[in-house]
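# A structural walkthrough
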Amino acid sequence: MNKIVLDTETTNFIENTTEDICTQLSFLNIDNSIILNDYCKPITYKEFTVGSMEATGITPEFLEDKPKVQDTKSWKVLDAYSKQDLLVIGHNINFDIEVIKRTGINVDKMILIDTLKIARYINDAEGLPWESCRLSHLKYQFRLDKIRPTIDAKYGITEKLNSHDSLNDILDCLVLYKYFQQKYEISEEEAIEISNNKLELIYVPSGKHKGTRIVDLDSNSLNWYKNNFYCEDTVYTIKKILGEL
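Residues numbered from 1 in each chain as written. Predicted model: local features only at pLDDT ≥ 70, side-chain atom pairs only at ≥ 80, totals over all residues. Heavy atoms only, no water.

## Here we look at the pairing of strand E3 (residues 35-39)
As paired strands, strand E2 (residues 22-29) and E3 are joined by 5 bridges and run antiparallel to one another. In the strand pairing of E3, phenylalanine 27 is matched with leucine 36. (Pairing = 2+ DSSP bridges. Helix = DSSP H or I, 4+ residues; strand = E, 2+ residues; numbered from the N terminus.)

Written out as structure tokens, the structure reads:
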């Protein structure tokens, strides 16, 4: 079974999974060290959001001479991998899976490991000692930036890469995943289990009530978080508390 680290960049920085269209596709095969990275021109798309251009530096003009995603080497190899069981690692990986699914790749045989879910799981168990579970934040929280030059040299990366570049993010994600495995002794099987199940959190992970035990929130706060909060695990936990599941 192939094992890859995957990331995409898209036209919409808000991560609206019904609208985001792939503009960059990158993945790394952990076993054979193949690394692929391609920019791709959307055939049809809504206007790029200013947020996505600000974060990634990818503009419609930059993509004018790029191939459509199905004509890139990254897409063709990923499509071939997807014919058999495939382990896919990423930070908030469900978002990227939705993006590549809309390009025509069958995702049914993909087994997912989500380093964001693992980070939430660990951070909650430790009483939220980290300010954020964003990939770029955790890179410096754990000083993984000191390891990146070695990783870059291994894969022939010579240029300085920015956050929200999918090539940069697969390398950061790989380092983070290995850190979690070593520091917290999380096996591949445990990582898969954590990644594919809803988490019952103890604490509110961010916002006004960060660090508060979820069961201690008043009814108004519980309902606000349930209806407005971005974290699916927080919403799941609140629905359990409210007896809605």
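There is more to say, and it comes next.
## As for the side chain of aspartate 165
Of note, aspartate 165 is situated in the loop between helix H6 (148-154) and helix H7 (166-184). Nearest to the buried, unbridged aspartate 165 among oppositely charged side chains is arginine 148, at 8.3 Å. Here aspartate 165 is in contact with Glu9, Gln24 and Tyr39, once residues within four sequence places are set aside. (Buried < 20%, exposed > 50% of the residue type's maximum accessible area, 1.4 Å probe, protein only. Lys, Arg positive; Asp, Glu negative; His and termini not counted. Salt bridge = Lys/Arg side-chain N within 4 Å of Asp/Glu carboxyl O. Contact = heavy atoms within 4.5 Å.)

## Observations regarding H7
Taking 1.5 Å per residue, 19 residues should reach 27 Å; H7 reaches 26 Å between its end C-alpha atoms and fits that length. Of the residues flanking the start of H7, the one acting as N-cap is aspartate 165, its side-chain oxygen 2.8 Å from the backbone nitrogen of leucine 167. Downstream of H7 by a residue or two, glutamate 185 has a phi angle that is positive, lying close to 55°. (Expected span 1.5 Å × (residues − 1). Polar contact = N/O pair within 3.5 Å; in protein donor to acceptor, adjacent residues only side chain to side chain.)

## Some points on helix H8 (residues 188-195)
For H8, the full list of buried residues reads Ala191, Ile194 and Ser195. All buried residues of H8 lie within an arc of 95° about the axis, which places them on one face of the element. Exposed positions of H8 whose direction lies more than 90 degrees from the buried face are Glu189 and Glu193. Close packing links the buried residues of H8 with strand E5 (110-114), helix H4 (115-125) and H7. (Arc of directions from axis to C-beta.)

## Observations regarding the packing of aromatic side chains
On inspection of all chains with the given rule, the structure shows 12 aromatic pairs. Pairing tyrosine 225 with phenylalanine 229 gives two aromatic rings, centres 4.9 Å apart and planes at 85°, and the pair type is edge-to-face. Relative accessible area serves as the criterion here: at 3%, tyrosine 225 is assigned to the buried category. Accessibility expressed as a relative area gives 13% for phenylalanine 229, which makes it buried. One aromatic cluster is present, formed by Trp130, Phe142, Tyr179, Phe180 and Tyr184 through successive ring pairs. Here lysine 66 stacks its cationic end above the ring of phenylalanine 62, 4.2 Å away from the centre of that ring. (Phe/Tyr/Trp six-rings, centres within 6.5 Å; stacked < 30°, edge-to-face > 60°. Lys NZ or Arg CZ within 6 Å of the ring centre and 35° of its normal.)

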